[in-house]
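A closer look at the structure
One letter stands for each residue in the lines below.
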Amino acid sequence: GENVEQHPSTLSVQEGDSAVIKCTYSDSASNYFPWYKQELGKGPQLIIDIRSNVGEKKDQRIAVTLNKTAKHFSLHITETQPEDSAVYFCAASITTGKLIFGQGTTLQVKP
Amino acid sequence: KAGVTQTPRYLIKTRGQQVTLSCSPISGHRSVSWYQQTPGQGLQFLFEYFSETQRNKGNFPGRFSGRQFSNSRSEMNVSTLELGDSALYLCASSLSTGFGNTIYFGEGSWLTVV
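A brief look at the structure comes next. (Residues numbered from 1 in each chain as written. Chains lettered and ligands numbered in written order. Predicted model: local features only at pLDDT ≥ 70, side-chain atom pairs only at ≥ 80, totals over all residues. Heavy atoms only, no water.)

1. Some points on the overall build of chain A
Secondary structure summary: chain A contains zero helices and eleven strands in total. Its C-alpha atoms give chain A a radius of gyration of 13 Å, near enough to 13 Å, the size a compact globule of 111 residues would have. Expressed as lengths along the three principal axes of its C-alpha atoms, the size of chain A is roughly 40 × 30 × 20 Å. Burial status across chain A gives 46% buried among its 111 residues. Excluding contacts between residues fewer than 6 apart, the proportion of contacts in chain A whose partners are at least 24 apart in sequence is 53%. Of the accessible surface of chain A, which amounts to about 5,300 Å², a share of 47% is contributed by carbon and sulfur atoms. Of the charged side chains in chain A, 11 are positive and 12 negative, and the gap between their average positions amounts to 4 Å. (Helix = DSSP H or I, 4+ residues; strand = E, 2+ residues; numbered from the N terminus. Rg over C-alpha atoms; globule rule 2.2 N^0.38 Å. Buried < 20%, exposed > 50% of the residue type's maximum accessible area, 1.4 Å probe, protein only. Contact = heavy atoms within 4.5 Å. Areas by Shrake-Rupley, 256 points an atom, 1.4 Å probe, with all protein chains shown as cover. Lys, Arg positive; Asp, Glu negative; His and termini not counted. Charge placed at Lys NZ, Arg CZ, Asp CG, Glu CD.)

2. Brief notes about the nonpolar core
In this structure, A:Trp35, A:Phe73, A:Leu75, A:Tyr88 and A:Leu107 are the most contacted members of the largest nonpolar core, which totals 25 residues. Taken together, the elements giving at least two residues each to this core come down to strand S2 (10-14), strand S3 (19-25), strand S4 (32-38), strand S5 (45-51), strand S7 (62-67), strand S8 (72-77), strand S9 (86-95) and strand S11 (105-110) of chain A. Among residues more than four places away in sequence, those in contact with A:Phe73 are A:Ile21, A:Lys22, A:Cys23, A:Tyr25, A:Phe33, A:Trp35, A:Thr65, A:Leu66, A:Cys90 and A:Ala91. Within the second largest apolar cluster, 21 residues are counted, among which are B:Leu46, B:Tyr49, B:Phe64 and B:Tyr89. (Core = buried A, V, L, I, M, F, W, Y, C linked by side-chain atoms within 4.5 Å.)

3. Here we look at the interface of chain A and chain B
By a widespread convention, an interface's size corresponds to the accessible area lost as its parts come together. Taken together, the contact pairs 19 residues of chain A with 25 residues of chain B. In total, about 1,800 Å² of surface goes out of reach between chain A and chain B, with carbon and sulfur atoms giving 57% of it. Our enumeration of links across chain A and chain B arrives at zero salt bridges. Here chain A is connected to chain B by five residue pairs in polar contact (both at pLDDT 80 or more). Elements with a minimum of two residues in the side of chain A that touches chain B: S4, S5, S9 and strand S10 (98-101) of chain A. Broken down by class, the residue content of the side of chain A that touches chain B amounts to seven nonpolar, eight polar and four charged. (Buried area = accessible area lost by both parts, 1.4 Å probe. Salt bridge = Lys/Arg side-chain N within 4 Å of Asp/Glu carboxyl O. Polar contact = N/O pair within 3.5 Å; in protein donor to acceptor, adjacent residues only side chain to side chain. Nonpolar A, V, L, I, M, F, W, Y, C, P; charged D, E, K, R; others polar.)

Encoded structure:
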């Protein structure tokens, strides 16, 4: 069945360092890979997404890479700031509206 | 531009009761999907609606149902509530159905079943 594995479950970095979160998906038909940031008491906020016809996408300090052969995709946050502290979720989709989520990564950025 | 709006934000229900949650998608968005978030199971897909038709359904019992109206607003209903139904219920919307449509989430409705 469809499954997304996300690692690590927790990540602690110093302010200014980079953070990398990795996800692996099981269904090779997956074609859309969004990343969400969720702060306490709030809904998931889309931070970046990538589609299967693109290998890499960057938006300021955030980048996502996709390796379709290995069925891996990763989130890279550079120059981390305390406000980046949150839970991050990766997801994969093979059909509209239905996202399969990873288990989440709690990122702590220490000042 | 207003985001996805969900009501109510918080509610407490008793076992055996039913509950209806409401969702207004982003203006112009026609696809609405629902998710359940719990600490143990994470984020799980419930169902998706487009043009008032259910397009996809997750692995939840028939007690969970939904519908979409002609203005794209959606409701989900949970009947015969169980303690395990306590969760954050999230509504998400996208412009349309099809490959890689960006999906935006609302703030969610926190349901506590006692």
